[in-house]
Amino acid sequence: MRISHFFSYLLSGMPIISTVREYRLAWLSKDLIAGLSACIVMIPSVIAYAELVHLPPIAGLYAALAASIGYAIFASSRHVIAGPDAAIGLLAGSAILPLAAGDPSRIAVLAAVLGVLSGVVLLLAARLKLGVIADLLSRPVLIGYLNGASLVLISTQLGKMFRIKTEGEDFFQLLYAVFEKLPETHLPTFVFGVLLVLLLIALARWFPRVPGALAVCTVAIIVTFVFDLGRYGISLVGTVPSGIPQLSVPAFSISDITALAPAAVAIAFLAFSDGILLAQTFAEKNGYEVYPNRELVALGSANILAGLWQGFPVSASQSRTSIVDAAGGKTQVAQLVAAVGLLLFLFFLTGLIALLPRVALGAILIVTAIGMLEAASLIQMYKVDRVEFGIAMGVTVAILVAGVVPGIILGLLLSLIAVLVEISRPDDAVLRKRLDDGRFHDCRDDENAVSVPGLLVYRLYAPLIFANARHVMMRLRTLVDEAQPPVKWLVIDAQAIHDMDLTAAQRFAELHREFADEGIDVKIADAPRPFLDELAKVGLSEEIGGQDFFVSVKKAAEAFEQKYGATGLPAARPASPPERPAAGDSAL
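Residues numbered from 1 in each chain as written. Predicted model: local features only at pLDDT ≥ 70, side-chain atom pairs only at ≥ 80, totals over all residues. Heavy atoms only, no water.

1. Regarding the pairing of strand β6 (residues 455–460)
- When you tally the buried positions in β6, you get six out of six residues, the bulk of the element.
- Side-chain alternation along β6 places L455, V457 and R459 on one buried face and L456, Y458 and L460 on a second face that is also buried.
- Direction of pairing for strand β3 (residues 428–434) relative to β6: antiparallel, over a ladder of four bridges. Paired with L431 across the two strands is V457, which belongs to β6.
- Relative to strand β7 (residues 489–493), β6 runs parallel, the two being bridged by five bridges. Among the inter-strand pairings, L456 is bridged to a residue of β7, identified as L490.
- What joins β6 to β7 is helix α19 (residues 466–482), and the crossover it makes is right-handed. (Buried < 20%, exposed > 50% of the residue type's maximum accessible area, 1.4 Å probe, protein only. Helix = DSSP H or I, 4+ residues; strand = E, 2+ residues; numbered from the N terminus. Pairing = 2+ DSSP bridges. Right-handed = clockwise from strand over helix to strand, strands pointing away.)

As structure tokens, this is what we get:
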């Protein structure tokens, strides 16, 4: 019995085991083709992304191999391919470079530590079931980050294009350094780089199915072999070791953890928000479910393994995932096939990388950065919501001025502030009676709606909580004070108040007593259960009394008109007690 329980636990934690048990032979050809396609396209890209972390090209292959294995074992997605990513690589590089003081061995250690640390953050989030935290990375923050990161990425590669030595990753300093050293431009390198950039743009424009990075690397290696570009002063990648490194825990200190922690959290946010969106998109397209916490575990495992295998932080790749899907891939076996392809390349074909000009890697990264720019989204955001546009621009400017990690942290803070401001100033409405159906609606500009004298019907379009309680109570006080003729009944349409905390309930109780002292009756219409429960906690349910609760605004208005008449004057006959709402009664 214990063995069966253990096996069930293992299956739930490692979906790949269940996939292998249920695997159909008919899927194998599709997964083989999809995996090999992803591998071929992946190799030149990950080599280039290693440059962003200031590591040798081989580190990109190590990270890709580790990510492929770590993610495939634990992922609930059947299509997502994990590996090095331009945005994550730039973020990692910007965090590592200031700490390494230009020491290549120190850069490699810090990159590995950051990979492990990012993975630990992701696993911790999974353990605490915090998959929803990725929602804090709002669309404006992501757009601002991508635009800022794209511009920084382009600036970091200009040195390769001109073969000018630049240092650091400060956007404005890099631009100034390139401008100052323009006379030192190496013309053959610049011309060759421009031709490769134009080739990449042309392929993307007219032959989008052709993998641009693969085509450019192939062309660059062939041209180097035929014309011996090294003879003309064009820098080459040079000798690359073959085989795979041993798994090892990178040496680190507490100060390293402290310094890298903000970057690790930012990487975890970015990796998971992109990864879960990608996983959900392809799961919906192919008719299966993915589980956010399972994806956290998969991405965390991929990052930890990448760090232990002398790599750097990784994420999900949209381009490689799209290739797997287009090739008909069925399961994560496709990613394991890609891992086998990477192993074969590492053992037998790394010599090809030695002939690759460094300017080709720069060209790939520049065109990648251009593709990351979200100019159209920014323009649309400006038209729709100026506040979100301001957040996006604020993140971009922060990244350009202060750096990538501070920019991301600022973006998260701006998102939280925007949410708090929105919650603290919620939408509301004074409802009016439509003449055609006699019901009360939010119809501010409708000429076919009227107000009932002496009756104020108020609707709040939000939960009533500590952050907005004071504002809402002041709003009610103002509406009552300004009403003409004076208010006799204040009816709260509570159907949208699906939650109310203790602070808000106490403030509401205080206002209710103020109105009672002034002879104003407060009635509650269409109250949901959480609202009623909080009123009971502060003793207001008994104070208000069952006769002041109504199943709908219409019923409350009818009771008012029976008592005061449609004009707000006392009616000839007193109204009968209104009915107490029954469970399940609906609004209006």
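2. Quick look at the side chain of R320
- Mapping R320 onto the fold places it in helix α13 (residues 318–326).
- Lacking a salt bridge, the buried R320 has D85 as its closest oppositely charged neighbour, with an N-O distance of 6.1 Å.
- At 3.2 Å, the side chain of R320 forms a polar contact with the side chain of S317.
- Sequence-distant contacts of R320, that is, excluding residues within four places in its chain, are made with A38, M42, S45, V46, Y49, I81, A82, G83 and P84. (Lys, Arg positive; Asp, Glu negative; His and termini not counted. Salt bridge = Lys/Arg side-chain N within 4 Å of Asp/Glu carboxyl O. Polar contact = N/O pair within 3.5 Å; in protein donor to acceptor, adjacent residues only side chain to side chain. Contact = heavy atoms within 4.5 Å.)

3. Remarks on the packing of aromatic side chains
- By the definition in use, this model includes nine aromatic pairs.
- Pairing F347 with F348 gives two aromatic rings, centres 6.3 Å apart and planes at 45°, and the pair type is tilted.
- Centroid distance Y382 to F389: 4.9 Å. Interplanar angle 75°. Geometry classified as edge-to-face.
- Every member of this aromatic cluster is reached through a ring pair, and the members are W489, F550, F560 and Y564.
- Lying over the aromatic face of Y288, R78 brings its terminal NZ or CZ to 4.3 Å of the ring centre.
- Its end group placed over the ring of Y382, R386 keeps NZ or CZ at 4.0 Å from the ring centre. (Phe/Tyr/Trp six-rings, centres within 6.5 Å; stacked < 30°, edge-to-face > 60°. Lys NZ or Arg CZ within 6 Å of the ring centre and 35° of its normal.)

4. What about the pattern of salt bridges?
- By the definition in use, this model includes 13 salt bridges.
- Across the salt bridge formed by K285 and D325, the nearest N and O atoms sit 2.5 Å from each other. Residue K285 is located in helix α11 (residues 254–286), and its partner D325 is located in helix α13; the two are separated by 40 residues in the primary sequence.
- Owing to a relative accessible area of 59%, K285 belongs among the exposed residues under this scheme.
- Overall, the relative accessible area of 12% leaves D325 in the buried class.
- Across the pair R477 and E514 runs a salt bridge, and its minimum N-O distance is 3.3 Å. You can see R477 sitting in helix α19 and its partner E514 sitting in helix α20 (residues 502–517), a full 37 residues away along the chain.

5. Considerations on the confidence of the model for the chain
- Residues at a pLDDT of 70 or more form 92% of the chain, whose mean pLDDT is 86.
- Across residues 571–588 the pLDDT falls below 50, and counting only partners more than four positions away or on other chains, this stretch makes 39 contacts in the model. (pLDDT = per-residue confidence, 0-100.)

6. Some remarks on the packing of helix α7 (residues 139–162) against helix α15 (residues 358–372)
- It is at 8 Å that the axes of α7 and α15 come closest, and there the two elements cross at 160°. As judged from the angle between their axes, α7 and α15 are roughly antiparallel. The chirality of how α7 crosses α15 is left-handed. Contacts between α7 and α15 involve L146, A149, S150, L153, I154, Q157, K160 and M161 from the former and R358, V359, G362, A363, L365, I366, A369, I370 and M372 from the latter. (Axes fitted to C-alpha atoms, helices over the stretch in contact; angles between N-to-C directions. Parallel < 35°, antiparallel > 145°, perpendicular 65-115°, else oblique. Left-handed = near helix turned anticlockwise from the far one by under 90°.)

7. A word on α20
- Taking 1.5 Å as the rise per residue, α20 with 16 residues should run 22 Å; its terminal C-alpha atoms sit 23 Å apart, in good agreement.
- Looking only at α20, the buried set comprises A504, A505, F508, A509, L511, H512 and F515.
- Against α19, β7, β8 (521–525), α21 (529–537) and α22 (540–544) lie the buried residues of α20. (Expected span 1.5 Å × (residues − 1).)

8. Here's the deal with unusual backbone geometry
- Of note, the bond from Q484 into P485 is cis; its omega dihedral lies within 30 degrees of zero at -5°.
- Structurally, the position occupied by P485 is in the loop between α19 and β7.
- Look at D228: it is not a glycine, yet its phi comes out positive at around 50°.
- For D526, which is not a glycine, the phi torsion comes out positive at approximately 55°.
- Along the polypeptide, D526 turns up in the loop between β8 and α21.

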